Amino acid sequence: MHSPAHNPVYERVRRNPKFQELVSQRSRLALILSAVVLAGYYSFMMVVAFAPGLLQTPLSEESSLSVGFPIGAAIIILSWLLTGVYSHFANGRFQELTDEITRETLQ
């Protein structure tokens, strides 16, 4: 019995230029989005570690909220937005390429 990796259908998929395009585009997008999220989180953690006074600054003289609160919230919202960006591509261009690859492979 052959392993799935040696199945002729898998070989046709791997040789399809659209599959290579899909892998390349998806990897590039994942790398960019991951870098943005990691840069945001690590920058915030570096400020917490090395300049905590910056985040303790009140938003205004009467405010009990500090600058750190909206910055932390913005990082969480950024993560949600980037998830939406990935979903947009996954359900759009990536799905179109996947459907084309499937049609071409099953012919």
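As the structure is a computational prediction, the values presented were derived from the model and not from experiment.

1. Overview of the overall build of the protein chain
When its secondary structure is counted, the protein chain shows 5 helices and 0 strands. Shown N-terminal to C-terminal, the secondary structure of the protein chain runs as helices and strands in the order α-α-α-α-α. The C-alpha atoms of the protein chain give a radius of gyration of 22 Å, which is well past the 13 Å a tight globule of 107 residues would have. Overall, the C-alpha framework of the protein chain stretches about 70 × 25 × 20 Å when taken along its three principal axes. The burial tally for the protein chain puts 16% of its 107 residues in the buried class. Long-range contacts, defined here as pairs at least 24 residues apart, represent 59% of the contacts in the protein chain between residues at least 6 apart.

2. Quick notes on the pattern of salt bridges
Within the structure shown, the criterion is met by 5 salt bridges. Its salt-bridge partner being E11, residue R14 comes within 2.7 Å of it at the nearest N-O pair. You can see R14 and its partner E11 sitting in helix α1 (residues 8-15), 3 residues apart, about one turn around the helix. The salt bridge involving K18 is made with E104; its shortest N-O contact spans 2.6 Å. With K18 in helix α2 (residues 17-50) and E104 in helix α5 (residues 93-106), the pair connects residues that are 86 residues apart, well separated along the chain.

3. Considerations on helix α4 (residues 68-91)
Between the first and last C-alpha of α4 there are 35 Å, a value that for 24 residues agrees with the 34 Å anticipated at 1.5 Å per step. Those residues of α4 that are buried lie in contact with α2 and α3 (52-56).

4. Some thoughts on a nonpolar patch on the surface
Side chains of Y41, I76, I77, W80 and L81 sit close together on the surface and give an oily, nonpolar patch of about 540 Å² of accessible area. Here the element with the most residues in the nonpolar patch is α4; it accounts for 4 residues. Mapped onto the fold, I77 is located in helix α4.

5. Examining the packing of α2 against α4
Two elements in contact, α2 and α4, have axes separated by 10 Å at closest approach and are oriented at 175°. Taken as axis vectors, α2 and α4 run roughly antiparallel relative to one another. Mapping the contact onto sequence places R26, L29, L33, V36, V37, G40, Y41 and F44 in α2 and G68, I71, G72, I75, L78, S79, L82, V85, Y86 and F89 in α4. Tallied by class, the residues present in the contact of α2 with α4 amount to 13 nonpolar, 4 polar and 1 charged.

6. Overview of the packing of α4 against α5
Between α4 and α5, the least distance of the axes is 3 Å, while the angle of their chain directions is 25°. If you check the angle between α4 and α5, you find them roughly parallel. Across the interface between the two elements, Y86, F89, A90 and N91 from α4 touch R93, F94 and Q95 from α5. When the residues that make up the contact of α4 with α5 are grouped by side-chain class, the tally is 4 nonpolar, 2 polar and 1 charged.

Calculation rules
Residues numbered from 1 in each chain as written. Predicted model: local features only at pLDDT ≥ 70, side-chain atom pairs only at ≥ 80, totals over all residues. Heavy atoms only, no water. Helix = DSSP H or I, 4+ residues; strand = E, 2+ residues; numbered from the N terminus. Rg over C-alpha atoms; globule rule 2.2 N^0.38 Å. Buried < 20%, exposed > 50% of the residue type's maximum accessible area, 1.4 Å probe, protein only. Contact = heavy atoms within 4.5 Å. Salt bridge = Lys/Arg side-chain N within 4 Å of Asp/Glu carboxyl O. Expected span 1.5 Å × (residues − 1). Patch = residues over 30% accessible without salt bridge, like charges linked within 9 Å, V, L, I, M, F, W, Y side chains within 5 Å. Areas by Shrake-Rupley, 256 points an atom, 1.4 Å probe, with all protein chains shown as cover. Axes fitted to C-alpha atoms, helices over the stretch in contact; angles between N-to-C directions. Parallel < 35°, antiparallel > 145°, perpendicular 65-115°, else oblique. Nonpolar A, V, L, I, M, F, W, Y, C, P; charged D, E, K, R; others polar.

Coordinates in, geometry out; function isn't part of it.
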